[in-house]
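Take a look at the letters that make up each chain.
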Amino acid sequence: MAKQPSKMSEVFLEHLRLDMGSAVALVGHPIHVMMVHFPVAFVVATLGADVCYWWSGDPFWQRAGVWAAGVAFWTGVGASIVGTGELLLVRGIRLLEASWSHAIAAMTLVAITAANWGVRLIDPAAVLPHGLALSLLASVMVGFAGWHGGKLVFDHGVGILVSSSRD
């Protein structure tokens, strides 16, 4: 006879045991989870603008890269502030190794985006090769930070519920 599946998944049971619900939420929706899409999109957009500038030489792409890098930086700062709040306020999140890996990767990413934007503001001609190299590095860091963020959500259930102890 086949074994009956349990009514609650292991992830959900761990979530309830450690209280890993979001402490920083808006109308029941975790804010960090909503914000991280913007820096990710603008990091990739910066790389796209750099590749288009390298390929075409059109100054439009250089200007687009400045704006994309700046928005990537500032939205990354905002997402980092909210994510740091979650890390500090929720004990269950602090206990997970992936939380710390994600936080370090995200802080590194914000530092790289700051350097990328700064290079463009100080010396627009430095987009090739320095800006392009920083954009490539930032895109790799997006993958690394996103991998660990995904582990938090899909393996541990972080950010899927608002904490019951903070109602």
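Above this note sits the structure.
Treat the numbers as computed from the prediction; the structure is a model and nothing was measured. (Residues numbered from 1 in each chain as written. Predicted model: local features only at pLDDT ≥ 70, side-chain atom pairs only at ≥ 80, totals over all residues. Heavy atoms only, no water.)

*Asks:* Would you mind going over unusual backbone geometry with me for this structure?
*Replies:* Outside of glycine, negative phi angles account for most residues, and trans bonds account for most peptide bonds. Look at the link from Leu-128 to Pro-129: it is a cis peptide, with omega at 10°. Mapped onto the fold, Pro-129 is located in the loop between helix H6 (97-122) and helix H7 (130-156). (Helix = DSSP H or I, 4+ residues; strand = E, 2+ residues; numbered from the N terminus.)

*Asks:* How should I be thinking about the nonpolar core in this particular structure?
*Replies:* Most often, soluble globular proteins keep nonpolar side chains buried together rather than apart. Of all hydrophobic cores here, the largest spans ten residues; its members are Val-43, Ala-72, Ala-105, Leu-109, Ile-112, Leu-134, Ala-138, Met-141, Val-142 and Ala-145. Broken down by element, this core gets its largest block of residues, five residues, from H7. When neighbours within four sequence positions are excluded, Ala-138 is seen to be in contact with Val-43, Leu-109 and Ile-112. Core analysis: the next-biggest nonpolar cluster, separate from the first, contains eight residues, Leu-87, Ile-93, Ala-98 and Val-158 among them. (Core = buried A, V, L, I, M, F, W, Y, C linked by side-chain atoms within 4.5 Å. Buried < 20%, exposed > 50% of the residue type's maximum accessible area, 1.4 Å probe, protein only. Contact = heavy atoms within 4.5 Å.)

*Asks:* Can you help me understand the pattern of salt bridges in this one?
*Replies:* As a working rule, side chains carrying opposite charge can pair if their charged atoms are close by. One pass over the structure, following the stated rule, counts one salt bridge. With its nearest N and O atoms 2.5 Å apart, the salt bridge here joins Arg-120 to Asp-50. Note that Arg-120 is positioned in helix H6 and Asp-50 in helix H3 (residues 37-56), a separation of 70 residues in sequence. There is no split in this pair, since Arg-120 and Asp-50 are both buried. (Salt bridge = Lys/Arg side-chain N within 4 Å of Asp/Glu carboxyl O.)

Structural measurements only, silent on function.
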